[in-house]
Amino acid sequence: MPRLLINDGFTLDRKIKTGYDYPEFSVKYRPAMPEEVYQYGEDMASASTGAAKNKVFSKFVAKHLVGWDVEDEKGLAEITDVNVGRLPHALHGPLADVITGYARKELEADAKN
């Protein structure tokens, strides 16, 4: 029988790869539960400006990130809404996809936790 239920309260590691000229980076994150994914979609749809959309994205992602290897001019950057919002736009989609998506291999790994 397939194990398809998502258990809240665990973390996953993932390398974020883009098809752009940005380097790959690593994140440790808590996957979004289905109701959070739906709410994120609603919040993005109702945000009427670019600044508002960036704020929705930044708050959502910062809430789910537990760790990353992104650096600023001082070294390892703190995970904050502001810093997440400063990521290049080309990285927003791949990062949100990882947090809102949940691949079968991750379900199987979670089943072992």
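Residues numbered from 1 in each chain as written. Predicted model: local features only at pLDDT ≥ 70, side-chain atom pairs only at ≥ 80, totals over all residues. Heavy atoms only, no water.

A. Focus on the overall build of the chain. A count of helices and strands for the chain gives 5 helices and 5 strands. Counting only contacts in the chain whose residues sit at least 6 apart along the sequence, the fraction spanning at least 24 positions is 57%. In the structure as shown, the chain presents an accessible area of about 7300 Å², 52% of it carried by carbon and sulfur atoms. (Helix = DSSP H or I, 4+ residues; strand = E, 2+ residues; numbered from the N terminus. Contact = heavy atoms within 4.5 Å. Areas by Shrake-Rupley, 256 points an atom, 1.4 Å probe, with all protein chains shown as cover.)

B. Layout of helix 2 (residues 50-64). For helix 2, which comprises 15 residues, the first-to-last C-alpha distance of 21 Å matches the rise-based estimate of 21 Å (1.5 Å per residue) to within 8%. Among all positions of helix 2, only Val56, Phe57, Ser58, Phe60, Val61, Ala62 and His64 are buried. Close packing links the buried residues of helix 2 with strand 2 (25-29), helix 1 (34-46), strand 3 (65-68), helix 3 (81-85) and helix 4 (89-100). (Expected span 1.5 Å × (residues − 1). Buried < 20%, exposed > 50% of the residue type's maximum accessible area, 1.4 Å probe, protein only.)

C. Seen up close, the nonpolar core. Counting 25 residues, the largest nonpolar core has Val27, Val61, Leu65, Trp68, Val84 and Leu95 as its most contacted members. Listing elements by their share of this core, those giving two or more residues are strand 1 (12-16), strand 2, helix 2, strand 3 and helix 4. Residues in contact with Trp68, not counting those within four places in the same chain, are Ser26, Val27, Leu76, Ala77, Glu78, Ile79, Asn83, Val84 and Leu87. (Core = buried A, V, L, I, M, F, W, Y, C linked by side-chain atoms within 4.5 Å.)

D. Inspection of the layout of surface pockets at higher detail. The computed volume of the largest pocket comes to approximately 280 Å³. Residue lining of the largest pocket: 15 residues in total, with Val70, Glu71, Asp72, Leu87 and Pro88 positioned closest to the centre. Among the residues forming the lining of the largest pocket, the class breakdown is 9 nonpolar, 1 polar and 5 charged. (1 Å grid on protein atoms, 1.4 Å probe; cavity = no way out; pocket = protein on both sides within 12 Å on 5 of 7 lines; lining within 4 Å. Points joined across faces, edges and corners; volume = space filled by probe spheres on them. Nonpolar A, V, L, I, M, F, W, Y, C, P; charged D, E, K, R; others polar.)

E. A look at the side chain of His64. As for its placement among the helices and strands, His64 is situated in helix 2. Only 3.5 Å separates the side chain of His64 from the side chain of Glu36, close enough to count as a polar contact. (Polar contact = N/O pair within 3.5 Å; in protein donor to acceptor, adjacent residues only side chain to side chain.)

F. Highlighting the packing of helix 2 against helix 4. Two elements in contact, helix 2 and helix 4, have axes separated by 11 Å at closest approach and are oriented at 45°. In terms of orientation, helix 2 and helix 4 fall into the oblique class. Along this stretch, helix 2 crosses helix 4, giving a crossing that reads as left-handed. Across the interface between the two elements, Asn54, Phe57, Phe60, Val61 and His64 of helix 2 pack against His92, Leu95, Ala96, Ile99 and Thr100 of helix 4. (Axes fitted to C-alpha atoms, helices over the stretch in contact; angles between N-to-C directions. Parallel < 35°, antiparallel > 145°, perpendicular 65-115°, else oblique. Left-handed = near helix turned anticlockwise from the far one by under 90°.)

G. Local environment of the confidence of the model for the chain. Across the chain, pLDDT averages 88, with 84% of residues at or above 70. For the chain, helix 5 (residues 104-111) is the element with the lowest average pLDDT, namely 56, and helix 2 is the one with the highest, namely 98. (pLDDT = per-residue confidence, 0-100.)

H. Representation of the side chain of His92. Structurally, His92 is set in helix 4. For His92, a relative accessible area of 11% gives the class buried. For His92, the contacting residues outside a window of four places in its chain are Asn54, Phe57, Val84, Gly85 and Leu87.

I. Molecular detail of the environment of His64. You can call His64 buried: its relative accessible area is 3%. For His64 and Tyr29, which are 35 residues apart along the polypeptide, the C-alpha to C-alpha distance reads 5.4 Å. Sequence-distant contacts of His64, that is, excluding residues within four places in its chain, are made with Lys28, Tyr29, Arg30, Pro31, Ala32, Glu36 and Ile99.

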